[in-house]
Number of protein chains: 2
Amino acid sequence: MSNTTRYSKNQLKRYPIYLNYLKSLNFSKDDYISTSQLSEALGFNNEVIKKDIALISSEKGLPKKGRNISRLILDLEKFLGTNAKNNAVIIGVGHLGRALLNFDGFKEIGLNILAGFDKDPQLYEIDINGKIIYSLNDLKNYVIANKVEIAIITVPTSSAQKVVDECYDAGIRAFWNFAPKTINYKEDVAVVNTNMASSFSVLLHEINLKKKI
Amino acid sequence: MSNTTRYSKNQLKRYPIYLNYLKSLNFSKDDYISTSQLSEALGFNNEVIKKDIALISSEKGLPKKGRNISRLILDLEKFLGTNAKNNAVIIGVGHLGRALLNFDGFKEIGLNILAGFDKDPQLYEIDINGKIIYSLNDLKNYVIANKVEIAIITVPTSSAQKVVDECYDAGIRAFWNFAPKTINYKEDVAVVNTNMASSFSVLLHEINLKKKI
């Protein structure tokens, strides 16, 4: 990844879409793909794709042929860090925490979920999809011993701030927050929010609008 | 919901956050909450909250006291449609489809997942968390018989367009798309996209930026 380039959120969100599409193709090592082919397949503007790809490619494309697919996949994986193992834990083993522990697709995007943490003693030492649930009291030791970089927050609103603070104390500086709460983070922290209820309310509103047309 | 008001996406995303927070409080039927209390608890600007709440409230707030909490919860539930049962099916029972079938939190936001659909015969009639998996060939009949309004798309990129077209043929006009694919939708369709891989790439990029500071 370039040291100086700042990528927009929308741009960053396109790269995994390119990668996912390319990996879904049947291709041999000498196959090429052009940005106009990508544009047709994915619906993004050709110029947008050209700019995105140029920023992360290790080689120039060939006139008319475009980019070597295998090479482009490697470049995208390198850029996205999906080859790296990013160790993560899930904090809060309720409905959503359980669902995410059962979701094996995280591995494909470079997210390595190691374990779950909860405050309910009834869950301790339980195995969910190969991941053990531990007490939040053990978080700090576990994070240090296992080089955990990312906490996925799936606790109820009321305890979100508390567990984020505990994770910070344990040395975690990256949060994927699924709790519906505006949390105060320290400045040296990376955060992304995903809120299922919020996404659904946008959909419901759109449904109602369409019905009125 | 007002017939004329158009709400911004960010605004729509705040309403479930208010609702979730209010429901997490211990309150009796005569308890009130002010927008400044909400502002302090949730981190949104007081004026923003005032405007949001005024748009959906059936009663004016009282000076200093604010809104009756029970009343406000009812107004929010009515606005968000979380009291309504919005029937949905999950299309594609891979890792993510399974995870979402196992996620019981959808009920709380008014999303009633009835069943899963897949093209793999090995999955047919399997029960996941009380929901049965059916063949995609049975989709149309099922949608009509069960008044399904929403399809949650969790198929691989390569088949996303095809299943969305099939859902449309079956009468579905609302899609929550988790597949990392830009899909072409008809004009009378409501859509919201949630892409786990894209969210994660935004987080990874932020992590790398913070490390360089």
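Refer to the preceding data block for the structure.
Note that the structure is predicted; figures quoted are calculated from it, not measured.

Calculation notes
- Residues numbered from 1 in each chain as written.
- Chains lettered and ligands numbered in written order.
- Predicted model: local features only at pLDDT ≥ 70, side-chain atom pairs only at ≥ 80, totals over all residues.
- Heavy atoms only, no water.
- Helix = DSSP H or I, 4+ residues; strand = E, 2+ residues; numbered from the N terminus.
- Contact = heavy atoms within 4.5 Å.
- Areas by Shrake-Rupley, 256 points an atom, 1.4 Å probe, with all protein chains shown as cover.
- Lys, Arg positive; Asp, Glu negative; His and termini not counted.
- Charge placed at Lys NZ, Arg CZ, Asp CG, Glu CD.
- Pairing = 2+ DSSP bridges.
- Axes fitted to C-alpha atoms, helices over the stretch in contact; angles between N-to-C directions.
- Least-squares fit on C-alpha atoms with pLDDT ≥ 70 in both.
- 1 Å grid on protein atoms, 1.4 Å probe; cavity = no way out; pocket = protein on both sides within 12 Å on 5 of 7 lines; lining within 4 Å.
- Points joined across faces, edges and corners; volume = space filled by probe spheres on them.
- Nonpolar A, V, L, I, M, F, W, Y, C, P; charged D, E, K, R; others polar.
- Left-handed = near helix turned anticlockwise from the far one by under 90°.
- Core = buried A, V, L, I, M, F, W, Y, C linked by side-chain atoms within 4.5 Å.
- Buried < 20%, exposed > 50% of the residue type's maximum accessible area, 1.4 Å probe, protein only.

Undergrad: Where do I start with the overall build of chain A in this structure?
TA: Counting its regular elements, chain A contains eight helices and nine strands. Dimensions of chain A, computed from the C-alpha atoms along their principal axes, are close to 60 × 55 × 35 Å. Long-range contacts, defined as pairs at least 24 residues apart, comprise 58% of the intrachain contacts of chain A with a sequence gap of at least 6. Per element, the accessible surface of chain A, about 10,500 Å² overall, is 48% carbon and sulfur. The positive charge centre, built from 28 side chains, and the negative charge centre, built from 22, are 6 Å apart in chain A.

Undergrad: I'm lost on the sheet that holds strand 3 (residues 86-91) of chain A in this one. Help?
TA: Sheet strands line up and pair through hydrogen bonds in the backbone, either parallel or antiparallel. Residues and elements named next belong to chain A. Spatial strand order, 5-6-4-3-7-8-9: seven strands in an open sheet with mixed pairing. The outermost strands of the open sheet, each flanked by one partner alone, are strand 5 (127-128) and strand 9 (190-193). Pairing geometry for strand 5 and strand 6 (residues 131-135), over two bridges, is antiparallel. Bridged to Asp127 within strand 6 is Ile132. Its contacts with the sheet place helix 6 (residues 139-146) against strand 3, strand 4 (111-118) and strand 6, and it is angled at close to 165 degrees to strand 4. Sitting on the sheet, helix 7 (residues 157-169) is in contact with strand 3, strand 7 (150-153) and strand 8 (174-177), with an inclination near 170 degrees to strand 7.

Undergrad: What is the right way to read the relation of the copies chain B and chain A from this model?
TA: Both copies of the chain are related through a single rotation about an axis accompanied by a shift along the same axis. Once chain B has been moved 0.0 Å along the axis and rotated by 180 degrees, it coincides with chain A to within an RMSD of 0.0 Å. On this basis, the relationship between the two copies can be described by a two-fold rotation axis. In terms of proximity to the rotation axis, the leading residue of chain B is Ala99 of chain B, whose C-alpha is 2.2 Å off the axis. Looking at chain B, 100% of its interface residues are interface residues in chain A too, so the copies touch through the same face.

Undergrad: Would you mind showing me how to read the layout of surface pockets here?
TA: Over the atoms rolls a probe the size of a water molecule, and in doing so it shows where empty space is left. Its volume calculated, the largest pocket comes out at about 1,300 Å³. For the largest pocket, the lining is made up of 41 residues, of which Lys13 of chain A together with Lys13, Asn193, Thr194 and Ser199 of chain B are closest to its centre. Taken together, the elements giving at least two residues each to the lining of the largest pocket come down to helix 1 (9-24), strand 9 and helix 8 (196-212) of chain A together with helix 1 (9-24), strand 9 (190-193) and helix 8 (196-212) of chain B. Residues belonging to the lining of the largest pocket are distributed by class as follows: 17 nonpolar, 16 polar and eight charged.

Undergrad: How should I be thinking about the packing of helix 1 of chain B against helix 4 (residues 69-80) of chain B in this particular structure?
TA: Any two packed helices are characterised by how steeply their axes cross, that is the angle between the axes, and by the distance between the axes. Residue and element names in this part refer to chain B. Axis separation between helix 1 and helix 4 bottoms out at 10 Å; the angle between their running directions is 140 degrees. Between helix 1 and helix 4 lies a crossing whose hand is left-handed. Between helix 1 and helix 4, the contacting residues are Leu12, Tyr15, Pro16, Tyr18, Leu19, Leu22 and Lys23 on the first element and Ile69, Leu72, Ile73, Leu76, Glu77, Phe79 and Leu80 on the second. Taken together, the residues of the contact of helix 1 with helix 4 sort by class into 12 nonpolar, no polar and two charged.

Undergrad: How should the nonpolar core be read in this particular structure?
TA: In this structure, Leu111, Ile152 and Trp176 of chain A together with Leu111, Ile152 and Trp176 of chain B are the most contacted members of the largest nonpolar core, which totals 101 residues. Residues in contact with Trp176 of chain B, not counting those within four places in the same chain, are Met196, Ser199, Phe200 and Leu203 of chain A together with Phe106, Leu111, Ala151, Ile152, Ile153, Val192 and Thr194 of chain B.

Purely spatial values, then, with no claim about function.
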